[in-house]
Each structure stands twice: as structure tokens, then as C-alpha cells.
Amino acid sequence: MAHTAPRTLVRTRERGTGRRHPLVATVMALPLAVLLLLVFDGWETVATQASSVGEMLGR
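Reading the values: rules and limits
- Residues numbered from 1 in each chain as written.
- Predicted model: local features only at pLDDT ≥ 70, side-chain atom pairs only at ≥ 80, totals over all residues.
- Heavy atoms only, no water.
- Helix = DSSP H or I, 4+ residues; strand = E, 2+ residues; numbered from the N terminus.
- Areas by Shrake-Rupley, 256 points an atom, 1.4 Å probe, with all protein chains shown as cover.
- Contact = heavy atoms within 4.5 Å.
- Expected span 1.5 Å × (residues − 1).
- Bend = angle between axes of the 7 residues up to and from the residue.
- 1 Å grid on protein atoms, 1.4 Å probe; cavity = no way out; pocket = protein on both sides within 12 Å on 5 of 7 lines; lining within 4 Å.
- Points joined across faces, edges and corners; volume = space filled by probe spheres on them.
- Patch = residues over 30% accessible without salt bridge, like charges linked within 9 Å, V, L, I, M, F, W, Y side chains within 5 Å.
- Salt bridge = Lys/Arg side-chain N within 4 Å of Asp/Glu carboxyl O.

*Asks:* Give me the lowdown on the overall build of the chain, citing residues and values where you can.
*Replies:* The helix and strand inventory of the chain stands at two helices and zero strands. Only carbon and sulfur atoms are counted for the fraction: they give 62% of the accessible area of the chain, which is about 6400 Å².

*Asks:* I'd like a description of the environment of leucine 37, backed by residues and values.
*Replies:* Considering the arrangement of structural elements, one finds leucine 37 in helix α1 (residues 22–39). Counting along the chain gives ten residues from leucine 37 to alanine 47, while the straight-line C-alpha distance between them is 9.2 Å. Once residues lying within four places of it in the same chain are set aside, the contact partners of leucine 37 are Gly42, Trp43 and Val46.

*Asks:* Can you break down α1 residue by residue, with the values?
*Replies:* Each α-helix turn comprises 3.6 residues. Residues three or four places apart therefore point the same way. Its 18 residues give α1 an end-to-end C-alpha distance of 25 Å, which sits within 8% of 26 Å, the value for a rise of 1.5 Å per residue. A bend of about 35° at alanine 29 is the largest found in α1, and the proline proline 31 appears one to four places after it. Downstream of α1 by a residue or two, aspartate 41 has a phi angle that is positive, lying close to 55°.

*Asks:* Now, about helix α2 (residues 43–56): what can you tell me, with residues and values included?
*Replies:* The terminal C-alpha atoms of α2, which comprises 14 residues, lie 20 Å apart, in line with the 20 Å expected from a rise of 1.5 Å per residue. Where α2 terminates, the next one or two residues include glycine 58, which has phi positive at roughly 80°.

*Asks:* A description of the layout of surface pockets should follow, citing residues and the corresponding values.
*Replies:* Computed from the structure, the largest pocket encloses a volume of approximately 440 Å³. Together, 16 residues line the largest pocket, and Ala29, Ala33, Leu36, Val46 and Ala50 are the ones closest to its centre. For the lining of the largest pocket, the secondary-structure elements that each account for two or more residues are α1 and α2. Element by element, the count of residues in the lining of the largest pocket is highest for α2, at seven residues.

*Asks:* Can you lay out the environment of glutamine 49 for me, pointing to particular residues and giving the numbers?
*Replies:* Here glutamine 49 is to be found in helix α2. Along the sequence, glutamine 49 and leucine 36 sit 13 residues apart, while their C-alpha atoms lie 9.8 Å from each other.

*Asks:* Please set out a nonpolar patch on the surface residue by residue, giving values where relevant.
*Replies:* Taken together, Leu32, Leu35, Leu36, Val39 and Phe40 make up a surface patch of nonpolar side chains, about 460 Å² in accessible area. Relative to the elements of secondary structure, phenylalanine 40 occurs in the loop between α1 and α2.

Here it is in C-alpha cells:
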């Protein structure tokens, strides 16, 4: 068996237990919202689905 160099440890930053900033969450969700808008042919359908999801989540 060939001798290979030892692997280096990859540092991972510790994630806080806090919540994500609303602006960051919005920027993350926008591409999916645009895709849904294009796939489902209209704003009304996307708004209805988003409303349904919001009600399921209790918001």
C-alpha cells in the first residue's frame, strides 16, 4: 500500500443557536419563489400556496 500524506483537519465554524436574520432568509427564499412563479404560471397561485404554508406553520 502506498504511503499518502496525512489528511488535514478541516475547521468548521460553530453555528450559533440563534435565529437567522429575516433579510438573509428572504434572500435565500427569493430564487425558489421566482422558480415557483414561473413553473405555476402566475402570482395568484404562488401567493395562495405561500398563504397555505403560512397557516400550516401557524403564522
